[in-house]
Amino acid sequence: MFGLTLLDFLMIFIYFFAIILIGLWSSWKIKNEEDYFLGGRTFGKFIQTFAAFGMATSAESAVGMSVLVARNGIAGIWANLLSVFGLPVYWITSIWYRRLRLLTLGDFFAVRYNSKVMPGFYALLSAVFFMIVIGLGLTAITKTVTSIASKPYEYLTEVEKQEYHKAVELEQLENTDAALLTEVQKARLSELRLENPRKEFSYINETALTWFIALMVLVYTLMGGLLAAFISDTIQGIFILILSVLLFPFAIIKINTLYGGTGLSGIVEVAKSKLPEASFEIWGSPALVDFTWYYMLFILIMSQITVAVQANQLLACGSAKDEYTARYGYTSGILLKRGATLLWGISAFLLVILYGSMIKNPDYLWGYACRDLLGQLNIGLIGLMIACLMAATMSTASALMLTTSSLLTYNFFKPMFPNFNEKIYIKVGKWFGFITIVGGVLLSTLFTNVFEIMKLLWEFNIVIAPAFWLGMKWRRANKIGAWASIAFSTIFFIVLQTLLPILPGIKTEESLLKKVQPITVVRTYTARDVDVEERRKEIENWKKLNEVGKATTPMPKELMKGEKFEKKYITAERSIFWTQGIRINEEGKQEGIGMLSLELVLLDKFFDLSKNPHALNETIRIIIRTFLPFFILMFVSLLTKPDDKKKLDEFYAILKTPAIADREEDAKQVQLSIENPSRFDYKKLFKNSNWEFEKLDRTDIKGIILFTIYGVIIMSIIYWISTLGK
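Thresholds applied
Residues numbered from 1 in each chain as written. Predicted model: local features only at pLDDT ≥ 70, side-chain atom pairs only at ≥ 80, totals over all residues. Heavy atoms only, no water. Helix = DSSP H or I, 4+ residues; strand = E, 2+ residues; numbered from the N terminus. Buried < 20%, exposed > 50% of the residue type's maximum accessible area, 1.4 Å probe, protein only. Contact = heavy atoms within 4.5 Å. Areas by Shrake-Rupley, 256 points an atom, 1.4 Å probe, with all protein chains shown as cover. Patch = residues over 30% accessible without salt bridge, like charges linked within 9 Å, V, L, I, M, F, W, Y side chains within 5 Å. Salt bridge = Lys/Arg side-chain N within 4 Å of Asp/Glu carboxyl O. Expected span 1.5 Å × (residues − 1). Phe/Tyr/Trp six-rings, centres within 6.5 Å; stacked < 30°, edge-to-face > 60°. Axes fitted to C-alpha atoms, helices over the stretch in contact; angles between N-to-C directions. Parallel < 35°, antiparallel > 145°, perpendicular 65-115°, else oblique. Left-handed = near helix turned anticlockwise from the far one by under 90°. Nonpolar A, V, L, I, M, F, W, Y, C, P; charged D, E, K, R; others polar. pLDDT = per-residue confidence, 0-100. Core = buried A, V, L, I, M, F, W, Y, C linked by side-chain atoms within 4.5 Å. Bend = angle between axes of the 7 residues up to and from the residue.

Undergrad: What should I look at first to understand the overall build of the protein chain in this one?
TA: Across its full length, the protein chain holds 27 helices and six strands. Counting only residues that meet the buried cut, the protein chain has 53% of its 726 residues in that class. Considering only intrachain contacts with a sequence separation of at least 6, the fraction spanning at least 24 residues in the protein chain is 82%. Working note: accessible area of the protein chain is about 33,000 Å², and carbon and sulfur atoms make up 63% of it.

Undergrad: Would you mind showing me how to read unusual backbone geometry here?
TA: Excluding glycine, a negative phi dihedral is what most residues carry, and trans is how most peptide bonds are arranged. Even without glycine at this site, Arg 101 takes up a positive phi of about 55°. Tracing the chain through its elements places Arg 101 in the loop between helix 6 (87–100) and helix 7 (106–113).

Undergrad: Explanation requested: a nonpolar patch on the surface in the structure shown.
TA: On the surface, Leu 7, Leu 10, Phe 13, Ile 14, Phe 17, Leu 21 and Ile 379 cluster together to form a nonpolar patch covering roughly 690 Å² of accessible area. Along the polypeptide, Phe 17 turns up in helix 1 (residues 6–27).

Undergrad: Any chance you could explain helix 12 (residues 263–274) here in plain terms?
TA: Because each turn of an α-helix spans 3.6 residues, side chains separated by three or four positions end up pointing in the same direction. With twelve residues, helix 12 extends 17 Å between its outermost C-alpha atoms, agreeing within 8% with the 16 Å of an ideal straight helix rising 1.5 Å per residue. Where helix 12 is concerned, the buried positions are Gly 266, Ile 267, Val 268, Val 270, Ala 271 and Ser 273.

Undergrad: Help me understand the packing of aromatic side chains in this model?
TA: For any two aromatic rings, the description comes down to two numbers: the centre-to-centre distance and the angle of the planes. Applying the stated criterion across every chain, the model contains 26 aromatic pairs. Seen in terms of ring centroids, Tyr 97 and Phe 468 are 6.1 Å apart; in terms of plane orientation they differ by 5°. Their pairing is stacked. Note that Tyr 97 is positioned in helix 6 and Phe 468 in helix 20 (residues 465–473), a separation of 371 residues in sequence. Comparing Tyr 97 with Phe 468, the two get one shared label, buried. A ring pair is formed by Phe 631 and Phe 635, whose centres lie 5.9 Å apart and whose planes are at 15°; its orientation type is stacked.

Undergrad: Hey, could you run me through the packing of helix 6 against helix 27 (residues 698–724) in this one?
TA: Packed helices, taken two at a time, are described by the angle between their axes plus the distance between the axes. Between helix 6 and helix 27, the least distance of the axes is 8 Å, while the angle of their chain directions is 155°. If you check the angle between helix 6 and helix 27, you find them roughly antiparallel. Considering only the axes of helix 6 and helix 27, their crossing is right-handed. Contacts between helix 6 and helix 27 involve Leu 87, Pro 88, Trp 91 and Ile 92 from the first element and Thr 699, Asp 700, Gly 703, Ile 704, Phe 707, Thr 708 and Tyr 710 from the second. The residue makeup of the contact of helix 6 with helix 27, split by class, is seven nonpolar, three polar and one charged.

Undergrad: I would appreciate a short explanation of the confidence of the model for the protein chain in the present structure.
TA: Parts of the model with low pLDDT should not have their predicted coordinates read in detail. Taken as a whole, the protein chain shows an average pLDDT of 79; of its residues, 81% reach a score of 70 or greater. Mean pLDDT across the elements of the protein chain bottoms out in helix 2 (residues 33–38) (49) and peaks in helix 20 (95).

Undergrad: Help me out: how do you make sense of the nonpolar core in this one?
TA: Here is a general trend for soluble globular proteins: nonpolar side chains tend to be buried in one another's company. Counting residues in hydrophobic clusters, the biggest one holds 140 residues, and the most contacted among them are Phe 108, Phe 109, Phe 468 and Ile 718. Per-element tally for this core: the top contributor is helix 17 (residues 381–413), with 17 residues. One finds Phe 493, Val 516, Ile 576 and Val 601 within the second-largest nonpolar core, a separate group that totals 13 residues.

Undergrad: Hey, could you run me through helix 24 (residues 614–639) in this one?
TA: Given a rise of 1.5 Å per residue, 26 residues ought to cover 38 Å, and the 37 Å separating the end C-alpha atoms of helix 24 matches this to within 8%. Roughly 30° is the biggest bend found in helix 24, and it falls at Phe 627, with proline Pro 629 one to four residues downstream.

Undergrad: What exactly am I supposed to notice about the pattern of salt bridges here?
TA: For side chains bearing opposite charge, pairing can occur when the charged atoms are close. A full pass over the atoms with the stated rule returns 19 salt bridges. Among the salt bridges present, the one from Arg 475 reaches Asp 649, with a minimum N-O distance of 3.0 Å. Of this pair, Arg 475 sits in the loop between helix 20 and helix 21 (479–499) while Asp 649 sits in helix 25 (residues 645–656), placing them 174 residues apart in sequence. Per residue, the accessibility class of Arg 475 equals that of Asp 649, and both read buried. Lys 514 is the salt-bridge partner of Asp 604, the closest N and O atoms lying 3.0 Å from each other. Highlighted residues: Asp 604 in the loop between helix 23 (598–603) and helix 24 and Lys 514 in the loop between helix 21 and strand 1 (515–516), separated in sequence by 90 residues. Note on Asp 604: relative accessible area 16%, which makes it buried. With relative accessibility at 24%, the residue Lys 514 sits in the partly exposed group.

Undergrad: Even after reading the chapter, I still don't get the environment of Ser 66, so can you show me in this structure?
TA: Structurally, Ser 66 is set in helix 4 (residues 59–72). Judged by its relative accessible area of 0%, Ser 66 falls in the buried class. Distance in space between the C-alpha atoms of Ser 66 and Leu 351 is 7.9 Å, their sequence separation being 285 residues.

Undergrad: Could you clarify how one ought to interpret the environment of Gly 261 in this entry?
TA: Position of Gly 261 relative to the elements: it lies in the loop between helix 11 (206–259) and helix 12. Leave out the neighbours within four places in its chain, and Gly 261 touches Asn 256 and Gly 266.

Undergrad: Before we go on, may I ask you to explain the packing of helix 13 (residues 293–307) against helix 24 in this structure?
TA: Viewed as axis vectors pointing N to C, helix 13 and helix 24 meet at an angle of 30°, and their least axial separation amounts to 9 Å. In terms of orientation, helix 13 lies roughly parallel with respect to helix 24. For the crossing formed where helix 13 meets helix 24, the hand is left-handed. On helix 24, the residues touching Tyr 294, Tyr 295, Phe 298, Ile 299, Ile 301, Met 302 and Ile 305 of helix 13 are Ala 615, Leu 616, Glu 618, Thr 619, Ile 622, Ile 623, Arg 625, Thr 626, Phe 627 and Phe 630. Partitioned by chemical class, the residues of the contact of helix 13 with helix 24 number 13 nonpolar, two polar and two charged.

Undergrad: What am I meant to see in the environment of Phe 565 here?
TA: Mapping Phe 565 onto the fold places it in strand 3 (residues 564–570). For Phe 565, a relative accessible area of 10% corresponds to the buried category. Sequence separation between Phe 565 and Tyr 525 is 40 residues, and the spatial gap between their C-alpha atoms is 5.6 Å. In this structure Phe 565 touches Arg 523, Thr 524, Tyr 525, Thr 526, Ala 527, Asp 531, Arg 535 and Leu 559, once residues within four positions along its chain are discounted.

Undergrad: Please clarify how the side chain of Glu 323 should be interpreted in this entry.
TA: Among the structural elements, Glu 323 can be located in helix 15 (residues 323–355). Apart from residues no more than four positions distant in its own chain, Glu 323 is found in contact with Ile 95, Arg 98, Arg 99, Thr 657, Pro 658 and Ala 659.

Written as structure tokens, this is what we have:
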């Protein structure tokens, strides 16, 4: 049934049965709001580690890595792992959230800026953000699971067979040199591209699967709150680690069996034969020519700034019993995620060796490999893989659902209705959780370009990030400056750039269709079997063109294995202003798609951006988006009256007070700090200034050094792999 065995279904059933039991058990322990939304702040290092790991990991983490590696080789791994150097930042910032002693991160804006409206705005902004994240995870899991349960051709319905044949026809036409196509074939190609027929069909309906997973998340999270979510995350984290290594041994065995190799040396020799040398270029790969060092550097800076203001940070760190547990658990969870990412990348490399020439769409690579490597054994491993993928998505969805429901309950609903009892607020929170998951399901149907959605998520929270960072570390930041930064960023970066394209004629305006011209990248490689085969196909294609008198270049020279040769890569024309590029509409006119980058439109009035590489334009856009809101907040704050000194003293006194596990003693220490705000001023790095940076202690320095070394080790392993393939 569905292409799965009884053992596969048993594995899936055991997983879901355990998750529901956890929800029931946790529901008996809920006594108040803090129990439901923060688990009573009782979690230790083990639970906190897997909670952070589960929140940071979803189905698209492993599956998406296979797509990146299939398209970009080893460069796809390092591009995904560059954020490993953010771990020292997490080591420092993770204790902030526990020291705040707040229920939601939205409360920070209420306490720091004495505002009732700002937390509500933050809650709504975060709700949209987390719905997009949940939707993206659901999209990845459904596409992968449905591809695992793919129908063989003989089981297709007549309608599905007709669509399958159209997809094959489209593939053949796209693989034929355009010069060889007749006018009828060209018209047919355009028709099929618009129709976009499917080649893969599944026993499982994607929409039904999405709603089923969403229902399971709702059941155990609504029953047991954060306690259920975090215990489930621990179990699911173990499943995710299993997912990380499950395909590994089977892929190695199959490669060595197919090609007669043994051990690691056999894999390396096959990789050198079956993959082009460009696949092992860790930096400067022609496939990633737009991912320059400066572009990746500012992406890293922006992501570190925006991640800090994600509301689930307080959920991950603020629920710990003390600040060291928060720090240790959160950074260990992220460290675990980076290690798992490296394993996914290596596994993806093995899958590309096995199936890269067979699977044209890399989105289906992971699912196809699961079917081929695990299905033949009939011992329930496909069911285990499906359970692992579901665990990866559900652990993230449950945590983000609780984060959103607590934000909307306490920062949006409660200020309007302040006199209800705790039970009412818990019920309201559950309804907001329900809306969050349903919203994520509905948004999952809108995703087409996953990479552009990822870029949107990186940039989304820059609207509120300056108010958080400067509010934490600069006394002079005031409410007026924060609102000025938020208002400008929201209007200029979100509202105008989303709504302007709706106006008639904007998408087809000629001045907005400006492009960066393609460049030619030349690389010198040593020919391998895959290069020899590719050159043979080029020669055959040239001969066909020559027969009809359409060959415009000399016949390509035949390649011999081991021979040095040059390969030219021509980059695509790239839109400067439209986030998702330019397409031909139904009227045959060019039109922009996606959001309109107004900052680049204005900058192009003074500098001709078409002369810049695409990576430089994107870097300029990121720099403007990242730093302009900070400048506005600082400029306006300096021109306006400072916030109340007494409230600021109290806020920073609490923030400097270490959070301990003993609740009564912790409350006493907080009170001492409020009575004597200068109690911890000896720790200030810049005395007699408005900056609230603290001197690093031995624990801070030790963590920074260890996590930096870890980052170097991870990148060294990637570099070592790249040298094996050269």
